[in-house]
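# Coordinates in review
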Amino acid sequence: MAAPRKGSQGRAGLIFGDLWEFDPAPETADPKLKARYDLFINGEFVRPRSGKTFDSINPANEQKLAEIALAGAADVDRAYQAATKAFKGWSALPGRERGKYIFRIARLLQDRAREFAVAETMDGGKPIKESRDFDVPMAAAHFFYHAGWADKLAYVAPGRGVAPLGVVGQVIPWNFPLLMLAWKLAPALAMGNCVVLKPAETTSVTALKLAEILQDAGLPPGVVNLVTGAGETGAAVMGHPAAAKVAFTGSTEVGKRIMRQLAGTDRRMTMELGGKAANIVFDDAPIDQAVEGIVNGIFFNQGHVCCAGSRLLVHEPVAERVIAKLKNRIRVLRVGDPLDKNTDLGAINSREQLSRITRLVASGVREGAVKYQPPCMLPKKGFYFPPTLFTHVTQSHRIAREEIFGPVLSILTFRTVDEAIEKANNTPYGLSAGVWTDKGSRILRMSTELKAGVVWANTFNRFDPSSPFGGYKESGFGREGGRQGLLDYARLA
Amino acid sequence: MLPRSPHAAHARLLDEVGGVDQVGIEERVAKFTTRSIKKAAKVWGLNLAVSMTDLTTLEGKDTPGKIESLCRKAISPHDDLVVPKVAAVCVYPSMVRAAKSHVAGTGVKVASVATAFPSGQTHLRTRLAEVRGAVSDGADEVDMVINRGAFLAGEFTRVQDEISSVVEACGAAALKVILEVSELETFDNIRAASFLAMGVLRPGDFIKTSTGKTTLNATLGNNQVMIEAIRDFYLDTGIAIGMKPAGGIKTAKQSLQFLIAVKETLGDAWLTNKRYRFGASSLLNDLLRQLEKEKTGAYQAPYYFSEAAESY
């Protein structure tokens, strides 16, 4: 190639200004919300015996969305009774009959996809393009996939028979309310279990809207029961003696508490907990696509992703280039109204989460890491946080060790493959990891040596119902999705 | 031995400019298609696309009469005078004089394809003579094709030297270098060829996807590979090269998606016809149709828009 000619070497910059401002493009479908949502027990909506309610607010504008029933211990007990009663009939149904119900749920969800997407966005704050293109279609896909298994259970464990466990207690988080619900419900139902499920207190709405679909699908009463509330309700669901198994997705701290609570019982458990995933970029990686993967890894759903690629490990020879490109890339991310179809980063789920992110970011600055945030205008009302990069981060920084669960990326560098592996594994977590390289053999080695449940190669945050998902170490145990996920809801005979 | 082989040259070039992951690039461009452009932003984008159009006719049956109608359309695309002129008309060398006589003084430029378009399979001296002829007939811009045979054989110096010679033959005329992406086949090759061309171009020259004469022309994917190459080259050298996707962009919606890619990759400085063009013919009337719809709220029948460049 010819030698570079005279020019303003190194000083040229790109202008991402206001030359072509996009007009607001709000999604206008009606989310069909009710002013008040009751508990869903034994196939119908019932007032809570506790007599209490709480408000669900829209984190994008802090306005009240709906009033939600607060389930007390008596309500949880009632839900377990309904589930226990329903179990006999439901588990005795031939698999193909159970499959029909699950197929029906999947199709009804697809029919109402836009409505659910808008409700999910208003309730949780995620951008409409994500709830429309990821959460809702993926939730439907999980129901379809497991509906397909229902009449093929004889093949789940070749040579062994499988039987359902009984009543399963499930508690799910607020980051993917509908999708996590689908991950939990679909395999449990396909296998013939009955369910008592508690959604997160900040995001109960789409679960209760799904209860309407369960009614429309004609699901027998008591097979699925939804109890809403906060930590106390969750503890009642997890600790109820009628539960044959509990499944929890949420923070490692709460997961440990549940495990302590259930220690010494014969309760089966699956735990899908926190993460601090390493996204590892080697010098031979296609840089622009790696940058895209990094962005997708940490800014997807405002970073409220347990498998988010929150630690970027970048090979020293390309570190400067990767960081420069990353900075340019995040300048064009659009932060704002989650209902706008052009929004890339929506609202932080709650005031509490926003203050946690703010606190951890402040600790990063205090401990000497260098912060970069692109100029962006945040809405005045609502909970928002700009996309944030930290460079000069070391292994001992809090922002490199603790799960931030927000749009904050900690960037570390490495020199050799061994160093990358060591740094990646130097965390109590082990949920996911990403490897970016053109070299196939290196991908295979890394995927063997990284202690993470999922290792993505040259991509990040890719999911499929047939692919098992779950953690190592303090990221939990048990798998969701695929044959392995199904087996976690079965007794082998 | 090995380092001298064409394969080694290819490996070295790829190593220098970096590779492209196909799945990743396709994921990236899919995001452009979900952008929702409304109201004033839409009108602004549509007008910008009109002003970036190289209104093209490249057919064996072209005549001075056809060129006259093309030029009139280029100068006033629509009876609504708010709509801007197109950037240029793009014709064969034999039509340059006719085109020039119609657009002289209007601000619409005359671009001529040259260098044995579309295959380029003739002697370099013949190709250069064609360029000189087009320029002396009044072409403001020249669209050349690269020697794909030489590129695929690993003769990169030859490819680059030939482009250099054409730059020289162009004189004051701007040059657009057609890579013919469908014949290079891989995104790696498209990126490498972009750098080969940019290495000898002048600020204000362009790289261009296709001739429009093969099966696959401009796509968001190969546009993205090329504008990322332009961006990297600009950040390294300070030399701003323009981009022209050509062929296959037929709808206003498509053109807006390409412009969003430009806005989010190269930034505001490329949202001008000095640095970005569309090589198209049927695109223009769809842009006008959408502009009319934004104004009146209703779609007009196709016969309300004058035809001057039907087919590609």
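Residues numbered from 1 in each chain as written. Chains lettered and ligands numbered in written order. Predicted model: local features only at pLDDT ≥ 70, side-chain atom pairs only at ≥ 80, totals over all residues.

## Thoughts on the sheet that holds strand β7 (residues 242-244) of chain B
Paired through their backbone hydrogen bonds, the strands of a sheet run either parallel or antiparallel. All names here are of chain B. Operational definition: Two strands pair if DSSP finds at least two bridges between them. Numbering of helices and strands runs from the N terminus, with a helix taken as a DSSP run of H or I at least four residues long and a strand as a DSSP run of E at least two residues long. Helix axes are fitted only over the stretch in contact, all axes being lines through C-alpha atoms; the angle between N-to-C directions runs from 0 to 180 degrees. Working definition of a contact: two residues with C-beta atoms, positioned from the backbone, lying within 7 Å.
Across the sheet, eight strands lie side by side as β7-β6-β5-β4-β3-β2-β1-β8; this open sheet has parallel pairing. At either margin of the open sheet sits one strand with a lone partner, and together these are β7 and β8 (278-280). Strand-to-strand twist across the sheet, computed as the mean angle between neighbouring axes with direction ignored, equals 25°. The sheet contact formed by strand β5 (residues 174-178) and strand β6 (residues 206-208) spans three bridges and is parallel. Across the sheet, V177 pairs through a bridge with I207, a residue of β6. The sheet strands contacting helix α5 (residues 96-103) are β2 (88-91) and β3 (109-113), and the helix crosses β3 at an angle near 170°.

## Thoughts on the confidence of the model for chain A
Threshold: Note on scores: pLDDT gives the predictor's confidence for each residue, bounded by 0 and 100.
Here chain A shows a mean pLDDT of 96. Residues at 70 or above account for 98%. Counted against residues more than four places away or in other chains, residues 1-10 of chain A, with its pLDDT under 50, gives 17 contacts.

## Comments concerning the sheet that holds strand β5 (residues 63-70) of chain A
Residue and element names in this part refer to chain A. On the basis of which strands lie adjacent, the open sheet formed by three strands has the order β1-β5-β4 and mixed pairing. Pairing within the sheet leaves two strands with one partner each, and these edge strands are β1 (36-37) and β4 (52-58). Note that β1 and β5 share two bridges and pair parallel. Bridge pairing in β5 links R36 to E67.

## Focus on the packing of helix α10 (residues 187-198) of chain B against helix α11 (residues 220-237) of chain B
Residues and elements named next belong to chain B. Quick note on the threshold: Here the word oblique covers every angle except those under 35 degrees (roughly parallel), over 145 (roughly antiparallel) and from 65 to 115 (roughly perpendicular). Left-handed describes a crossing whose near helix is turned anticlockwise from the far helix by less than a right angle; the clockwise case is right-handed. Under the scheme applied here, ten amino acids are nonpolar (Ala, Val, Leu, Ile, Met, Phe, Trp, Tyr, Cys and Pro), four are charged (Asp, Glu, Lys and Arg), and all others, including Gly, are polar.
Closest axis-to-axis distance for the α10/α11 pair is 9 Å, and the angle between their directions is 40°. By the angle between their axes, α10 is oblique relative to α11. The hand of the α10/α11 crossing is right-handed. Taking contact as the criterion, the partners of F187, I190, R191, S194, F195 and M198 in α10 are, on α11, N222, V225, M226, A229 and F233. Looking at the contact of α10 with α11 residue by residue, the class counts come to eight nonpolar, two polar and one charged.

## Focus on the environment of V46 of chain A
Residue and element names in this part refer to chain A. Structurally, V46 can be placed in strand β3 (residues 44-46). Measuring from C-alpha to C-alpha, the distance between V46 and D75 comes to 9.6 Å, with 29 residues separating the pair along the chain. Once you skip the residues sitting within four places of it in the chain, V46 turns out to touch D38, L39 and I41.

## Re the interface of chain B and chain A
Facing 40 residues of chain B, the contacting portion of chain A comprises 32 residues. Secondary structure elements with two or more residues in the side of chain B that touches chain A: α2 (22-32), α3 (39-51), α10, α11 and α12 (252-265) of chain B. Considering every element that reaches the side of chain B that touches chain A, the biggest residue donor is α11 of chain B, with six residues. Classifying every residue of the side of chain B that touches chain A by side-chain character gives 16 nonpolar, 11 polar and 13 charged.

## Digging into the domain arrangement of chain A
Accessible area lost during the coming together of the parts is what is often quoted as the interface size. All names here are of chain A. Heads up, the rule is: Here the bounds of each domain stem from an automatic or database domain assignment.
Looking at the assigned domains, one finds that chain A contains domain 1 (36-273 + 472-492) and domain 2 (278-457). A C-alpha centroid distance of 30 Å is found between domain 1 and domain 2. Facing 20 residues of domain 1, the contacting portion of domain 2 comprises 26 residues. Within the residue set of the side of domain 1 that touches domain 2, elements represented by two or more residues are α3 (113-124) and α4 (128-150). Take the side of domain 1 that touches domain 2: its biggest share by element is three residues, from α4. Among the residues forming the side of domain 1 that touches domain 2, the class breakdown is six nonpolar, seven polar and seven charged.

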